[in-house]
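# Examination of the molecular architecture
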Amino acid sequence: MVATLTSPESISIENEKNPWLAAAARFEDAANRLNLDDGMRKVLGTSARELTVHIPVLLDDGRIEVFTGYRVQHSIARGPAKGGIRFAPDGTLDEVRALASWMTWKCAVVNIPFGGGKGGVICDPNILSDTELEKITRRYTAEIIDFIGPERDVPAPDVNTNEKVMAWIMDTYSMHARHTVTAIVTGKPMALGGSRGRPEATGRGCMMVILRALKLMNKRPEDTTVVVQGFGNVGGMASQLMSAVGFKIIALVEYDGAVYNPNGLDIAALQQHRKETGSITGFAGGEDMDKAEAMFLECDVLLPAATENVLTSQNAHRVRCQILCEGANGPTTPLADLVLADRKVFVIPDILANAGGVTVSYFEWVQDRQGFFWNEQLVNERLQEIMDESFDAIVEYARAHHVNNRIAAYMVALDRVAGAIKLRGIYA
Ligand code: GLU
């Protein structure tokens, strides 16, 4: 499907939560500013390949259920497609398409040799047993097996998937290949060829770009208040790492409530509390707060680190932060972007802010292919180098071209991908 090319201003309120339209709007805006020709717009406005599979699974109660799964490769122009697999009850092909294209731009922003891909299975992991999840994962892997590969398309964890799921994918792929293929997925357990530093990488990358932004504003972490939405892999790790270097995490917002402490939450204690009670609410080290309000507390940094469409035209005027760091993919709609620009919020866009994860995925893939593993210090140093350079390049590009950081990131990415396609030529 070719993107319905549109501009951020032309998106209607009814459509603003369609991630594919959001991706298309940003793409179009950047393409216009780059004077990208029509042919290139067609190539980059379309996924290269889209696969839909229907997976029969024998459930624990003896019933057979059929689940729908997708794997989309938006682009393989700069290298194998790269991107996560998510399990969610409300997934759509449009969402997977958008997320796949964001991976293309993300890998190009940090200049790692990958294209973009994404996968998803429509299922609710909360009501499935471990055995059922394993069966879904293995059958999904078997169905997409000819589509993926270390040189073709390399999956990774995303919403509701983790290193256990990656181990099942690696094993299934390897059983079919008749030998162990570690480089087929990233985000694997350490014992199976995972990289040191990968579980923390997305959260660490967020912290790195926030520190870089603070430097521009002459601010220190000790004087910086942060509101984090999402306490999963990204939000949890970022909160932990940031509080360790002095940031004050004044509020944490989850799907079932929020907790607030103006002096900064003790993140390790909050993790422990959630482990014991299953929720962040009722924590002795803070007060419970309405989750719909907590996002709009006055703070220096707002870090949405859950899913898409958290900031929309309906609530963006309530945002009271100086820096918005997008730990999640697509947390801000294009209409919300316009409001944030009016409010002079310094946005660190998702395709830069959360690129630490895929960057260390790249390191994992390199290590697997070499069979030679790095220590954590080396992983973190190389991550730091890439995040700092990418942040500086985008901010400088935005300044030089009088565009906001998001459009600058899209422009740099589009230019790199279009450049690769031009060099390769169109095969016929
Ligand atoms: N799912 C993560 C993302 O959206 C990581 C992808 C990867 O490591 O391939 O960036």
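Residues numbered from 1 in each chain as written. Predicted model: local features only at pLDDT ≥ 70, side-chain atom pairs only at ≥ 80, totals over all residues. Heavy atoms only, no water.

## Considerations on the overall build of the protein
What the protein contains, in helices and strands, is 14 helices and twelve strands. For 428 residues, the compact-globule estimate of 2.2 N^0.38 gives 22 Å, and the protein sits close to it at 21 Å. Dimensions of the protein, computed from C-alpha atoms along their principal axes, come out at roughly 55 × 55 × 45 Å. Looking at the protein as a whole, 59% of its 428 residues are labelled buried. (Helix = DSSP H or I, 4+ residues; strand = E, 2+ residues; numbered from the N terminus. Rg over C-alpha atoms; globule rule 2.2 N^0.38 Å. Buried < 20%, exposed > 50% of the residue type's maximum accessible area, 1.4 Å probe, protein only.)

## Points about a nonpolar patch on the surface
There is a patch of nonpolar side chains on the surface, built from Leu58, Ile64 and Val66 and spanning about 300 Å² of accessible area. Within the element layout of this structure, leucine 58 appears in strand S1 (residues 49–58). On the accessibility criterion, leucine 58 (46% relative accessible area) is partly exposed. (Patch = residues over 30% accessible without salt bridge, like charges linked within 9 Å, V, L, I, M, F, W, Y side chains within 5 Å. Areas by Shrake-Rupley, 256 points an atom, 1.4 Å probe, with all protein chains shown as cover. Salt bridge = Lys/Arg side-chain N within 4 Å of Asp/Glu carboxyl O.)

## Section: the pattern of salt bridges
This model, assessed by the stated rule, comprises 31 salt bridges. Between arginine 406 and aspartate 337 there is a salt bridge; the shortest N-O distance is 2.8 Å. One end of the pair, arginine 406, is in helix H14 (residues 405–424); the other, aspartate 337, is in helix H10 (residues 334–342), with 69 residues separating them in the sequence.

## A word on the side chain of serine 174
Topologically, serine 174 is positioned in helix H5 (residues 163–177). Within polar-contact distance, the side chain of serine 174 engages the backbone nitrogen of valine 181 at 3.0 Å. Not counting the four nearest positions on each side in its chain, serine 174 is found in contact with His179, Thr180 and Val181. (Polar contact = N/O pair within 3.5 Å; in protein donor to acceptor, adjacent residues only side chain to side chain. Contact = heavy atoms within 4.5 Å.)

## Things to note about the sheet that holds strand S11 (residues 323–325)
Here seven strands make up an open sheet; going across it, the order is S9-S8-S7-S6-S10-S11-S12 and the pairing mixed. Edge positions in the open sheet fall to strand S9 (287–289) and strand S12 (346–348), since each of these has one partner strand only. In this sheet, neighbouring strand axes are inclined to one another by 20° on average, regardless of whether the strands run parallel or antiparallel. Here three bridges tie S11 to S12, and the two strands are oriented parallel to one another. Bridging across to S12, leucine 324 finds its partner in valine 347. (Pairing = 2+ DSSP bridges. Axes fitted to C-alpha atoms, helices over the stretch in contact; angles between N-to-C directions.)

## What about the nonpolar core?
Formed by 84 residues in total, the largest nonpolar core has its most connected members in Leu44, Trp105, Leu252 and Ile348. No other element matches the eleven residues that H14 contributes to this core. The next biggest cluster of nonpolar side chains, apart from the first, holds 26 residues, and it includes Ile55, Val165, Met166 and Tyr173. (Core = buried A, V, L, I, M, F, W, Y, C linked by side-chain atoms within 4.5 Å.)

## Things to note about the packing of aromatic side chains
Scanning the model with the defined rule gives seven aromatic pairs in all. Plain terms: the ring middles of phenylalanine 27 and tryptophan 105 are 5.9 Å apart, the flat faces sit at 20° to each other, and that makes the pair stacked. Residue phenylalanine 27 is located in helix H1 (residues 19–34), and its partner tryptophan 105 is located in helix H3 (residues 93–109); the two are separated by 78 residues in the primary sequence. Take phenylalanine 27 and tryptophan 105: they sit in the same class, and that class is buried. Ring centres 4.9 Å apart and planes at 70° place the aromatic pair phenylalanine 114 and tryptophan 365 in the edge-to-face group. Remark: tryptophan 365 occurs in helix H12 (residues 356–370) and phenylalanine 114 occurs in the loop between H3 and strand S4 (116–122); sequence separation between them is 251 residues. (Phe/Tyr/Trp six-rings, centres within 6.5 Å; stacked < 30°, edge-to-face > 60°.)

## What to know about the site of the ligand
Around the ligand lies a shell of 14 residues, among which Lys82, Lys106, Pro157, Asp158 and Ser361 are the nearest. Lysine 82 is positioned such that a nitrogen or oxygen atom in its side chain is 2.8 Å from an oxygen atom of the ligand. A distance of 3.1 Å separates an oxygen atom of the ligand from a polar atom in the side chain of lysine 118. Within the complex, 94% of the 290 Å² of free accessible area of the ligand lies under protein. Put simply, the parts of the chain that give the shell around the ligand at least two residues each are strand S3 (81–88), H3, strand S5 (153–157) and H12. Of the residues that constitute the shell around the ligand, the class distribution is four nonpolar, five polar and five charged. (Near = heavy atom within 4 Å. Nonpolar A, V, L, I, M, F, W, Y, C, P; charged D, E, K, R; others polar.)

## Re the sheet that holds S4
Ordered by their spatial adjacency, five strands build an open sheet running S1-S2-S4-S3-S5, and the pairing between neighbours is mixed. A strand with exactly one partner marks an edge of an open sheet, and here the two such strands are S1 and S5. The mean angle between the axes of side-by-side strands here comes to 25°, regardless of whether they run parallel or antiparallel. When strand S2 (residues 64–75) meets S4, the two strands line up antiparallel, connected through six bridges. Across the sheet, the residue bridging to glycine 69 is valine 121, located in S4.

## Notes on the pairing of strand S6 (residues 225–229)
Buried residues dominate S6, accounting for five of its five residues. Burial along S6 is two-sided: Thr225, Val227 and Gln229 facing one way and Val226 and Val228 facing the other are all buried. Pairing between S6 and strand S7 (residues 248–254): five bridges, direction parallel. Looking across to S7, one finds that glutamine 229 is bridged to valine 253.

## Let's talk about unusual backbone geometry
Of note in the backbone geometry, asparagine 35 takes a positive phi value of approximately 55° without being a glycine. By the secondary structure assignment, asparagine 35 is in the loop between H1 and helix H2 (38–44). A relative accessible area of 66% places asparagine 35 in the exposed class. A positive phi angle, close to 65°, is found at asparagine 160, a residue other than glycine. Here asparagine 160 is to be found in the loop between S5 and H5. For asparagine 160, a relative accessible area of 46% puts it in the partly exposed group.

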